[in-house]
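Fold and geometry: a report
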Amino acid sequence: MEQCGLLTSLKVPVPLKSISVDVIIRGFVADVVSELQYQNEEKNPVETTFVFPLDDEAAVYAFEGLIGGTRIEAQIREKQQAEQEYQDAVSEGRQAFLLEREENANDIFTCSLGNLPPGGEAILKLRYVQALAVEPDDAVRFVLPAVLNPRYVPEGSEGGTVSQKIPRMSKEAVPYTLSLSAKVESPYVIKRVDSKCSLVQNMSEDRTAAQVSLAKGHKFDRDVELLIYYEDVHKTSTILEIGKSGAAPGSLMGDPALLLSLYPNIVAAKAGQCVSGEFIFLLDRSGSMDTLMGNSVGTQSRIESAKETLIFLLKSLPLGCYFNIFGFGSTYDSFYPQSVKYTQQTMDASVQRVKELHCDLGGTEIVKPLKAIYSQPCVEGHPRQVFVFTDGEVCNTNEVIAVVRHNSHFHRCFSFGIGEGASTSLVKGIARAAGGSAEFITGKERMQAKALQSLKKALQPAVSGISLSWELPSGLEANLVGSGPQVIFQGQRCLIYAQIRGQPQTSGSMEGTAVVRYNFQNETQTETIKFSFQLEKTERLPVHRLAAQALLKELEEDKEKMEEKRVLALETSLSSGVVCSQTAYVGVNTELGKPIQGPLLRRDIECYDSLGSSGPLFLEQVASWRNRRSTLREAREYHNHQDNLCYSLYKQKKCCTD
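Notes on the structure follow. (Residues numbered from 1 in each chain as written. Predicted model: local features only at pLDDT ≥ 70, side-chain atom pairs only at ≥ 80, totals over all residues. Heavy atoms only, no water.)

1. Examining the sheet that holds strand E29 (residues 487–488)
Reading across the sheet, the four strands line up as E29-E27-E31-E32 and stay open at both edges, with antiparallel pairing between neighbours. Both edges of this open sheet fall to E29 and strand E32 (523–532), since each of them pairs with a single strand only. Relative to E32, strand E31 (residues 511–520) runs antiparallel, the two being bridged by 10 bridges. Residue pairing for E32: Gly 512 is matched across the bridge by Phe 531. (Pairing = 2+ DSSP bridges. Helix = DSSP H or I, 4+ residues; strand = E, 2+ residues; numbered from the N terminus.)

This is the structure in structure tokens:
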């Protein structure tokens, strides 16, 4: 194989041999250890790059490898220092690896494995903790995406661009298997655990614990999904976790941390009580929206899917509300100068105009149209609801989220990620910043249900005015980590983190009480939760990691007091081990290896063509690893460049409107 070529033939050995995953699920939290085994079967040393998406709410906190029989535990460092250590090690012939998060994307990670010699074997172990979402039927959902497949990029390859297509293989040709073991522990009674995959289950007698594993020989050809059904899932619960050994008292990691899970059973408003608001739809019309939703034959384009969703929502709006439709790319436009009243006539005219829309506005610049929307006066008595439709390919995610948050006091934002690989960081981030909710549309079969679910939330009053008070043993106090939740919609769970500071003045058995108050439909409701101060000891510290992740997300999305918050974010990341935009994990074998013999190659690994996965299409658009630090940014800037070029030609009448 030439250095500039891709592994396009199924006859070429694939280095990944096996994937083993161990999961502990407790309530709404999953702690995951993923182990991947590689073997280089080529005649030259290779440098692999593993590009993988994780959910926006996942926190990577540890990384280690076993390379050539030597265990290397990665250390978290400031990003520049980590990258320098990695480059120095590779150039000296040492074995090394580097794990970091892509710039401006909280949901994409890259792992670089340097100097894997011919015949060499490497086992990589990744640890992360994740907050789990709830399905409409109250099932708590854990997903291991099939996109957890590594990729190589050949150095100097002309194909190493964002338009590059990763070779696909059939299910029968997948050369590696997945073993997954999940332990479910719960303060609630476990009704059952379901999955589309074949499972082996063992439930405890009191049904508070279950051991679940995949049937032997499972091929990792599609997402692995576990749906856990709890009996008292709406009952508020707590987990109190002891601090990290050796960490300074008074710090987030040194003090005990408490997780309070709030999932209120909200009764939908009665007929006539729905909110008749002002609905503003913001539709992405950049060039990237003209790509297909997936790889199957007959798959529609992203813009057509977004238009169908928008038309469905337009036809479902209540009479008497107000609405407007914006399109954005390099520039933006709107159907009306200001929002108009919703009537049969305005609805019919708008539906017809939506059908005629094209991807003709150039690159993806969402900040300007958002600011234009926020600059318009709200319609009195009609709360503003903004619906955003985008494939998420922007290079200034944090700036967009900051703009939405800055204006969150007078609107709610509901977002739709269109197509496989839509950025969870952007789509979830803007919804979270303005008290809305996010949905991802990857096919027609669930589009209407998801669109209707968001509209129902926009029409329903939400739980707001959430506050906590504490009754703790003398000498202790509880401080919220971050600003805490602002709003909860029907079907949403809320995780609240608190740091327990101080030293108790008494010994023996102790109890604490948390009192949660919130407003719903002009009524104040109160929940009182008692918990024991018998601290749980665990080396994995999932509550502390998630608390750090919540704090980091808030610090990095807020641009005010930038330097002060940047320093706090760096300190939090280094002490907790949770990777942020300023840090990375680096592992280096301290024993000096022999000089590299032969050219160091990079390769693309063929992936199973899983349409159920959220990542393969996105990975096809990732640029060459040679400029790895800016991989995602370059990919998205490339899209914007192509979009702008097409838009310029369109303006000059040199290409069609499509």
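On we go from here.
2. Remarks on the environment of Ser 415
Structurally, Ser 415 can be placed in strand E25 (residues 411–418). For Ser 415, a relative accessible area of 1% corresponds to the buried category. Here the alpha-carbon distance between Ser 415 and Phe 387, two residues 28 residues apart in the chain, equals 5.6 Å. What Ser 415 contacts, discounting residues up to four positions off in sequence, is Val 388, Val 427, Ile 430, Ala 431, Ser 437, Ala 438 and Glu 439. A polar side-chain atom of Ser 415 sits 2.5 Å from the main-chain carbonyl oxygen of Val 427. (Buried < 20%, exposed > 50% of the residue type's maximum accessible area, 1.4 Å probe, protein only. Contact = heavy atoms within 4.5 Å. Polar contact = N/O pair within 3.5 Å; in protein donor to acceptor, adjacent residues only side chain to side chain.)

3. Regarding the pairing of strand E17 (residues 224–230)
Taken across its seven residues, E17 has seven buried, putting it largely inside the fold. The two faces of E17 match: Val 224, Leu 226, Ile 228 and Tyr 230 on one face and Glu 225, Leu 227 and Tyr 229 on the other face are all buried. Relative to E17, strand E11 (residues 140–144) runs antiparallel, the two sharing five bridges. By the bridge assignment, Arg 141 is partnered in E17 with Leu 227. Pairing of strand E14 (residues 190–194) with E17, which is carried by four bridges, proceeds in the antiparallel orientation. Opposite Val 193, over in E17, you have Ile 228 as the bridge partner.

4. Quick word on the packing of aromatic side chains
Across all of its chains, the model carries 12 aromatic pairs by this definition. Ring plane angle 75 degrees and centroid distance 6.3 Å describe the contact between Phe 335 and Tyr 336, whose orientation is recorded as edge-to-face. The exposure classification of Phe 335 matches that of Tyr 336, with both residues buried. These aromatic residues form a ring-pair network of at least three members: Phe 279, Phe 281, Phe 387, Phe 389, Phe 414 and Phe 416. Cation over ring: Arg 192 sits above Tyr 229, and NZ or CZ is 3.8 Å from the ring centre. The cationic tip of Arg 353 hangs over the ring face of Phe 335; the distance from NZ or CZ to the ring centre is 4.1 Å. (Phe/Tyr/Trp six-rings, centres within 6.5 Å; stacked < 30°, edge-to-face > 60°. Lys NZ or Arg CZ within 6 Å of the ring centre and 35° of its normal.)

5. Thoughts on unusual backbone geometry
Positive phi is not limited to glycine here, since Arg 207 has a value of about 60 degrees. With respect to the helices and strands, the residue Arg 207 is situated in the loop between strand E15 (199–203) and strand E16 (209–214). Taking relative accessible area as the criterion, Arg 207 reaches 34% and is therefore assigned partly exposed. Positive phi, close to 50 degrees, is recorded for Leu 541, a residue that is not glycine. Following the sequence through the fold, Leu 541 ends up in the loop between E32 and helix H8 (542–557). Look at Leu 541 and you get buried, because its relative accessible area is 3%.

6. Points about helix H5 (residues 397–406)
Of all 10 residues that make up H5, seven are buried, and the element is covered over most of its length. Taken together, the buried positions of H5 are occupied by Thr 397, Asn 398, Val 400, Ile 401, Ala 402, Val 403 and Val 404.

7. Quick look at the layout of surface pockets
The computed volume of the second largest pocket comes to approximately 530 Å³. Taken together, 24 residues form the lining of the second largest pocket, with Tyr 61, Ala 62, Glu 73, Lys 244 and Arg 545 sitting closest to its centre. Residue assignment for the lining of the second largest pocket shows that the elements contributing at least two residues are strand E4 (58–67), strand E6 (75–78) and helix H9 (562–576). Per-element accounting of the lining of the second largest pocket gives the leading share, four residues, to E4. For the lining of the second largest pocket, the class distribution of residues is nine nonpolar, seven polar and eight charged. (1 Å grid on protein atoms, 1.4 Å probe; cavity = no way out; pocket = protein on both sides within 12 Å on 5 of 7 lines; lining within 4 Å. Points joined across faces, edges and corners; volume = space filled by probe spheres on them. Nonpolar A, V, L, I, M, F, W, Y, C, P; charged D, E, K, R; others polar.)

8. Considering the side chain of Glu 64
Within the secondary structure, Glu 64 is located in strand E4. At 3.1 Å, the side chain of Glu 64 and the side chain of Arg 71 are in polar contact.

9. Notes on the pattern of salt bridges
Considering all chains together, one arrives at 16 salt bridges under this definition. With a shortest N-O distance of 3.8 Å, Glu 100 and Lys 79 are connected by a salt bridge. With a gap of 21 residues between them, Glu 100 in strand E7 (residues 96–101) and Lys 79 in helix H1 (residues 79–91) connect regions that are remote in the sequence. According to the relative accessible area criterion, Glu 100 is buried, its value standing at 3%. Taking relative accessible area as the criterion, Lys 79 reaches 11% and is therefore assigned buried. The network of salt bridges with common partners includes Asp 22, Asp 31 and Arg 540. (Salt bridge = Lys/Arg side-chain N within 4 Å of Asp/Glu carboxyl O.)

10. Thoughts on the packing of helix H2 (residues 302–316) against helix H3 (residues 344–355)
Remark: H2 packs on H3, axes separated minimally by 10 Å, with the N-to-C direction vectors making an angle of 180 degrees. In terms of axis orientation, H2 runs roughly antiparallel to H3. Seen from H2, the contacting residues are Lys 307, Leu 310, Ile 311, Leu 314 and Lys 315; seen from H3, they are Met 347, Ser 350, Val 351, Val 354 and Lys 355. A per-class count over the contact of H2 with H3 returns six nonpolar, one polar and three charged. (Axes fitted to C-alpha atoms, helices over the stretch in contact; angles between N-to-C directions. Parallel < 35°, antiparallel > 145°, perpendicular 65-115°, else oblique.)

11. Notes on the environment of Ile 72
Residue placement: Ile 72 occurs in strand E5 (residues 70–73). Taking the C-alpha atoms as reference, Ile 72 lies 9.2 Å from Gln 95; in sequence the two are 23 residues apart. In this structure Ile 72 touches Glu 64, Gly 65, Ile 67, Gln 95, Phe 97, Gly 587, Val 588 and Asn 589, once residues within four positions along its chain are discounted.

12. With respect to H2
Along its 15 residues, H2 runs 21 Å from first to last C-alpha, staying within 8% of the 21 Å computed at 1.5 Å per residue. Counted residue by residue, H2 has 11 buried out of 15 residues, so it is predominantly covered. (Expected span 1.5 Å × (residues − 1).)

13. Looking at the sheet that holds E14
Across the sheet, four strands lie side by side as E10-E11-E17-E14; this open sheet has antiparallel pairing. With one partner strand each, in any of the chains shown, strand E10 (133–134) and E14 form the two edges of the open sheet.

14. Looking at the environment of Leu 552
Relative to the helices and strands, Leu 552 is located in helix H8. The spacing of Leu 552 and Ala 569 is 17 residues in sequence and 5.7 Å in space, taken between C-alpha atoms. For Leu 552, the contacting residues outside a window of four places in its chain are Ala 569, Thr 572, Ser 573, Val 578 and Cys 580.

15. Here's the deal with the nonpolar core
Counting 75 residues, the largest nonpolar core has Ile 25, Phe 63, Phe 142, Leu 180 and Tyr 230 as its most contacted members. Built from parts of two domains, this core gets at least three residues from each of domain 1 (7–154 + 165–236 + 577–587) and domain 2 (237–268 + 463–576). Grouped together as the second largest cluster of nonpolar side chains are 38 residues, Leu 317, Val 340, Ile 418 and Met 447 included. (Core = buried A, V, L, I, M, F, W, Y, C linked by side-chain atoms within 4.5 Å. Domains from an automatic or database assignment.)

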